[in-house]
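Below are the chains, spelled out letter by letter.
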Amino acid sequence: MVLGVGTDIVETDRFERLIDKGKPGHIFTDREFSYIMKSTNKRVWLMKAAGIFAAKEAAAKAMSTGLVFFPSEIEVDHKDNGAPFIVLHGQALEIANNMGIKYIHISISDTDRYGAAFALAENYEK
């Protein structure tokens, strides 16, 4: 059963200062930052950062909370085939458990200027 949906869009340039300074730990996990920095192209870094952040926002909206915890408590990881998935930590995990959320599906899109994501929270385990 669907328990919530969320969507978000952010501008890629919003992340330029963050990437230049190094990993902002309250926003991205080490795993996410490593994924972002795999490319040698700064524009691709910004696109990936925006997409991942949009996925965090969309997942928080699907949980019906918005970001009331650190963004790093919603982690975006990737399967071997590149498909993104959500891993929850800390307060985000507690909220999801209290709501009966077992899985959050996400889809991420990015362009040179925007990162966008859609999330769907369900009460069954994948």
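Residues numbered from 1 in each chain as written. Predicted model: local features only at pLDDT ≥ 70, side-chain atom pairs only at ≥ 80, totals over all residues. Heavy atoms only, no water.

**Comments concerning the side chain of E73**
Under the convention used in this document: Only DSSP runs of H or I covering at least 4 residues are called helices, and only runs of E covering at least 2 are called strands; the numbering of each starts at the N terminus. Burial classes follow relative accessibility: with a 1.4 Å probe on protein chains only, a residue under 20% of its type's maximum area counts as buried, one over 50% as exposed, and anything between as partly exposed. Residues scored as positive are Lys and Arg, those scored as negative are Asp and Glu, and His as well as the terminal groups of each chain are ignored. Any carboxyl oxygen of Asp or Glu that lies within 4 Å of a side-chain nitrogen of Lys or Arg is treated as forming a salt bridge with it. Here, two residues are considered to be in contact whenever any of their heavy atoms come within 4.5 Å of each other.
Considering the arrangement of structural elements, one finds E73 in the loop between α3 (42-62) and β2 (74-78). Buried and unpaired, E73 has no salt bridge, with K56 as the nearest side chain of opposite charge at 10.0 Å. In contact with E73, other than residues within four places in its own chain, are V87, L88, H89, G90, Q91 and A92.

**Digging into the packing of aromatic side chains**
Quick note on the threshold: Whether two aromatic rings pair depends on their centres lying within 6.5 Å, for rings of Phe, Tyr and Trp, where Trp uses its six-membered ring; planes under 30 degrees apart make the pair stacked, over 60 edge-to-face, and the rest tilted. Here, a charge over a ring is recorded when the distance from Lys NZ or Arg CZ to the ring centre is within 6 Å and its angle to the ring normal is within 35 degrees.
Here the structure, examined in full by the defined rule, presents two aromatic pairs. Centroid distance F15 to F53: 5.6 Å. Interplanar angle 55 degrees. Geometry classified as tilted. Within this pair, whereas F15 is found in the loop between β1 (2-11) and α1 (16-21), its partner F53 is found in helix α3, the two being separated by 38 residues in sequence. Across this residue pair, the class does not change: F15 and F53 are buried. Every member of this aromatic cluster is reached through a ring pair, and the members are F15, F28 and F53. Stacked on the ring of Y35, the Lys or Arg K48 has its end atom at 4.7 Å from the ring centre.

**Details of the pattern of salt bridges**
All told, the structure shown has seven salt bridges when counted by the stated rule. A salt bridge links D77 to R31; the shortest N-O distance between them is 3.5 Å. Residue D77 is located in strand β2, and its partner R31 is located in helix α2 (residues 30-36); the two are separated by 46 residues in the primary sequence. A salt bridge links K56 to E32; the nearest nitrogen and oxygen atoms lie 3.0 Å apart. With K56 in helix α3 and E32 in helix α2, this pair connects stretches of sequence that are 24 residues apart. You'll find K56 and E32 in the same group, each marked buried.

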